[in-house]
Amino acid sequence: MTAISQNFVTLETSVPTAPLASIVRTEQLLNRPSRPPDHEKENSALGALVRALADSPRTILQTLANKVLEVLDADSAGLSLLTKDGNRFYWAAIAGAWQPHRGGGTPRDFGPCGDVLDRNTPMLFTHWERRYPYLGSAMPLAEEGLLVPFYVNGKAVGTIWAIVHRNNRKFDTEDLRLLESMGRFASAAYQTVGSIEELKSEIAAREKAETELRELADGLEAQVYARTQELAHRNAQFAQVARITSLGVLAASIAHEVNQPLAAIVTTGESALRRLARDEPDLERIRMLTKRMVADARRASEIIDRTREMASQRAPEQKPLSINDIINESLSFLRHDLELRGIAVSLDLARELPQIVGDRIQLQQVVVNMTVNAAQAMTQLVPADRCVSVRSMLSDSETVSCSIEDSGPGIDPEHLPRLFDGFFTTKDAGMGMGLAICRSIVETHGGGIRADNNSALGGARISFDLPTPGAG
Amino acid sequence: MPREFLIAVVDDDDSFRLALAESLCSLGYGAREFASAEEFIAGDDEEACDCVITDVRMPGMSGLELGHLIASRQSPVPVIMVTAVRERGLERAAAKGSFCLLKKPVGTDALIECLQRALEG
């Protein structure tokens with residue numbers, strides 16, 4: 001729990017639980033064997049208070065807390081003052097382990113300070129959180145707490161206190177004598193600086209507010225930074241996931257593509273071996289067969305290269321590209337998958353389109369994703385009705401566009417606005433990242449993507465446009 | 001060999017079709033190539049050939065559809081299906097003896113065995 005939240009102690013947690021007698025040890029204190037008075041230490045402490053008063057009277061209370069901590073060999077020490085309305089104690093100065101709680105406070109009647117003021121006498125407490133639960137959140141817990149009243153103009157207005165959190169250090173009457181001595185001196189000094197309490201209070205409040213504000217600002221900045229980093233990281237991951245997911249869809253198609261030339265190589269190789277085994281082998285024919293095998297092996301290798309490029313993480317490229325090439329390459333990845341689904345693909349590619357600039361693999365991904373989406377939208381149709389139309393055109397002198405239409409049921413108009421949002425999906429199995437990634441890629445290329453149900457084939461139409469290098 | 005058997009090879013993949021035709025030639029069969037089922041149907045060669053080896057997955061009419069079409073003719077020629085993908089339905093049909101099923105890549109021994117069964121049976 002932080003110091004901030006302790007300013008707002010709720011009544012429920014403030015209801016006394018253990019009886020007062022169970023936490024008071026004043027009598028034991030008076031009977032404990034005491035060490036001899038250390039006047040030297042006391043004098044040096046009082047001397048320090050005098051200097052503090054001369055140098056900066058406003059910090060006299062904090063100097064007092066510091067000196068109490070030092071002289072009493074305490075773990076925390078401080079000064080609590082009643083607020084003007086007398087309802088609360090305000091923690092005006094704290095040194096040691098409890099210093100972070102400075103500026104906090106407790107209700108008048110729900111803490112040991114109130115007990116001390118009520119009795120107008122020094123008191124020793126042990127584990128006061130048993131009676132005052134809200135002090136249980138002030139960590140570390142107080143093994144022993146010694147309090148003396150603090151007087152201004154003969155009237156007790158607060159307490160000076162010392163706390164040990166260790167359980168092997170007990171206060172004795174010498175501690176009490178030192179605390180009272182320093183308290184008397186401090187109250188004298190305090191009276192001389194008059195309205196210092198208000199000032200202290202104001203300053204402390206302002207400092208606290210400033211600190212909190214600074215911490216908040218720092219925290220926010222750090223949060224924004226961390227969040228940005230996280231988002232960037234997740235974005236990269238999503239891109240990778242999307243690629244891999246696309247690859248999953250493509251895997252069968254690619255395996256098939258690779259298997260074709262391999263099957264041809266095996267068959268041709270066996271033919272060549274058979275011909276070689278003849279008494280008079282036709283070497284010219286065997287050379288021709290061997291050349292075919294080399295060509296088929298190259299083809300298989302190229303397919304694998306394309307796949308590898310698609311699977312690897314790499315920085316996007318900026319190269320002049322033909323949108324028609326990208327469409328053709330993307331569809332070649334999907335050829336097998338589309339055939340399996342019995343989908344008829346019609347191509348309507350405009351000729352002599354200006355080139356665009358961008359990343360070939362990323363844009364292929366857009367076309368692949370859009371096409372896979374179109375294909376998946378038509379699973380309910382009989383194969384004869386499954387059509388996809390891919391079109392490229394010049395939408396104006398500076399913009400090239402590509403659209404993919406299907407004969408599926410179209411997109412639910414309710415879904416249209418969210419279609420390109422991440423994690424939006426109507427499919428049972430799908431992360432809903434496909435179109436989000438498409439949008440992100442298209443926008444990175446300076447273009448736009450949109451969806452409607454104006455397909456000439458009766459289903460959905462998704463189109464994107466990309467600026468040509470001539471475009472401003 | 002008393003007379004050369006003529007085998008029709010139907011496959012949309014140029015490399016494999018060529019390779020299979022070449023393989024058949026080196027085994028002593030005659031081979032004619034067709035890039036699609038439609039091309040095969042359109043030709044007048046259907047009656048002339050002794051056996052059809054067709055790829056299953058092709059754009060347009062599939063090998064399976066071609067097989068059904070041929071089977072519905074009055075004097076059907078035997079059909080051998082070639083596929084690169086495992087497909088249970090296809091394997092079950094082949095097991096029932098409807099046709100011979102070959103997996104890509106096609107081994108010479110399996111090809112010869114299939115052809116002998118098809119041509120003699």
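Residues numbered from 1 in each chain as written. Chains lettered and ligands numbered in written order. Predicted model: local features only at pLDDT ≥ 70, side-chain atom pairs only at ≥ 80, totals over all residues. Heavy atoms only, no water.

When you go through chain B residue by residue, the secondary structure sums to five helices and five strands. Long-range contacts, defined here as pairs at least 24 residues apart, represent 60% of the contacts in chain B between residues at least 6 apart. A total of about 5900 Å² of accessible surface is found on chain B, and carbon and sulfur atoms cover 50% of it. (Helix = DSSP H or I, 4+ residues; strand = E, 2+ residues; numbered from the N terminus. Contact = heavy atoms within 4.5 Å. Areas by Shrake-Rupley, 256 points an atom, 1.4 Å probe, with all protein chains shown as cover.)

With 22 residues of chain A at the contact, the number on the chain B side is 23 residues. Surface buried jointly by chain A and chain B totals about 1900 Å² across both partners, of which 47% is contributed by carbon and sulfur atoms. For chain A, the biggest contributors to the area lost against chain B are Gln260, Thr267 and Arg274 of chain A; these three give 26% of the whole. In this assembly, chain A and chain B are joined by three salt bridges. As a salt-bridge pair, arginine 275 of chain A and glutamate 22 of chain B come within 2.7 Å of each other at their nearest N and O atoms. Seen at the junction of chain A and chain B, the total is 12 residue pairs in polar contact (both at pLDDT 80 or more). (Buried area = accessible area lost by both parts, 1.4 Å probe. Salt bridge = Lys/Arg side-chain N within 4 Å of Asp/Glu carboxyl O. Polar contact = N/O pair within 3.5 Å; in protein donor to acceptor, adjacent residues only side chain to side chain.)

We describe a pair of aromatic rings using the distance from one ring centre to the other and the angle between the two ring planes. Residue and element names in this part refer to chain A. Throughout the structure, instances matching the rule amount to five aromatic pairs over all chains. Ring centres of phenylalanine 125 and tryptophan 128 lie 5.9 Å apart, and the angle between their planes is 55°; on these two criteria the pair is classed as tilted. Joined through ring pairs, the aromatic side chains of Trp91, Trp98, Phe125, Trp128 and Trp161 make up one cluster. (Phe/Tyr/Trp six-rings, centres within 6.5 Å; stacked < 30°, edge-to-face > 60°.)

Another point: the sheet that holds strand β10 (residues 387–396) of chain A. Strand-to-strand pairing in sheets goes through backbone hydrogen bonds, with the strands running parallel or antiparallel. Residues and elements named next belong to chain A. Across the sheet, five strands lie side by side as β8-β10-β11-β13-β12; this open sheet has mixed pairing. Strand pairing shows two members of the sheet lacking a second neighbour, β8 (344–349) and β12 (448–452), which therefore form its edges. On average, each strand axis in the sheet is tilted by 15° relative to the strand beside it, whichever way the strands run. The pairing of β12 with strand β13 (residues 461–467) spans five bridges and is classified as antiparallel. For alanine 451, the partnering residue across the bridge sits in β13 and is isoleucine 462. Its contacts with the sheet place helix α10 (residues 323–340) against β8, β10, β11 (399–406) and β13, and it is angled at close to 175° to β8. (Pairing = 2+ DSSP bridges. Axes fitted to C-alpha atoms, helices over the stretch in contact; angles between N-to-C directions.)

Moving on to the pattern of salt bridges. Residue and element names in this part refer to chain A. Overall, the coordinates contain 26 salt bridges over all chains when judged by the stated rule. With its nearest N and O atoms 3.9 Å apart, the salt bridge here joins aspartate 115 to arginine 119. Of the two residues, aspartate 115 and arginine 119 are both situated in helix α6 (residues 112–119); the distance of four residues between them amounts to about one turn of the helix. When its relative accessible area of 7% is taken as the criterion, aspartate 115 is described as buried. What makes arginine 119 partly exposed here is its relative accessible area of 42%. Measuring nitrogen to oxygen at the nearest pair gives 3.3 Å for the salt bridge that ties arginine 391 to glutamate 405. Note that arginine 391 is positioned in strand β10 and glutamate 405 in strand β11, a separation of 14 residues in sequence. Using a relative accessible area of 25% as the deciding quantity, one classes arginine 391 as partly exposed. Classification of glutamate 405 as buried rests on a relative accessible area of 2%. Residues participating in the shared-partner salt-bridge network are Arg35, Asp73, Asp75, Arg166, Arg169, Asp172 and Asp175. (Buried < 20%, exposed > 50% of the residue type's maximum accessible area, 1.4 Å probe, protein only.)

It is worth spelling out α10 of chain A at this point. All names here are of chain A. With 18 residues, α10 extends 26 Å from end C-alpha to end C-alpha; this agrees with the ideal 26 Å at 1.5 Å per step. Within α10, the axis deviates most sharply at leucine 334, by approximately 55°. By the burial criterion, the buried members of α10 are Ile323, Asn324, Ile326, Ile327, Ser330, Leu331, Phe333, Leu334, His336, Asp337, Leu338 and Glu339. Of the residues flanking the end of α10, it is glycine 342, one or two places downstream, whose phi is positive at about 65°. (Expected span 1.5 Å × (residues − 1). Bend = angle between axes of the 7 residues up to and from the residue.)

The next thing to look at is the confidence of the model for chain B. For chain B, mean pLDDT is 86; residues scoring 70 or higher make up 93% of the total. Across the whole predicted complex the pTM is 0.41, and at the interface the ipTM reaches 0.83. (pLDDT = per-residue confidence, 0-100.)

All names here are of chain A. Here we have six strands laid out as an open sheet, ordered β3-β2-β1-β6-β5-β4, and antiparallel in their pairing. The sheet terminates laterally at β3 (105–107) and β4 (123–126), the two strands that pair on one side only. Along the sheet, successive strands turn relative to each other by an average axial angle of 25°, direction set aside. In the sheet, strand β1 (residues 76–82) pairs with strand β2 (residues 88–96) via seven bridges, with the strands oriented antiparallel. Bridging across to β2, leucine 79 finds its partner in alanine 93. Contacts from helix α5 (residues 60–71) reach β1, β2, β5 (144–152) and β6 (155–164), with the element oriented near 55° to β2. Across the sheet, α6 touches β1, β2, β4, β5 and β6, and the angle it forms with β6 is around 130°.

Turning next to the state of the cysteines. Residues and elements named next belong to chain B. On inspection of all chains with the given rule, the structure shows one disulfide over all chains. The disulfide partner of cysteine 100 is cysteine 114, and the gap between their sulfur atoms is 1.7 Å. On the S-S bond that ties cysteine 100 to cysteine 114, the torsion sits near -55°, and the link is left-handed. Of the two residues, cysteine 100 sits in strand β5 (residues 100–103) while cysteine 114 sits in helix α5 (residues 108–120), which places them 14 residues apart along the sequence. The exposure class of cysteine 114 is buried, given its relative accessible area of 4%. (Disulfide = S-S within 2.5 Å.)

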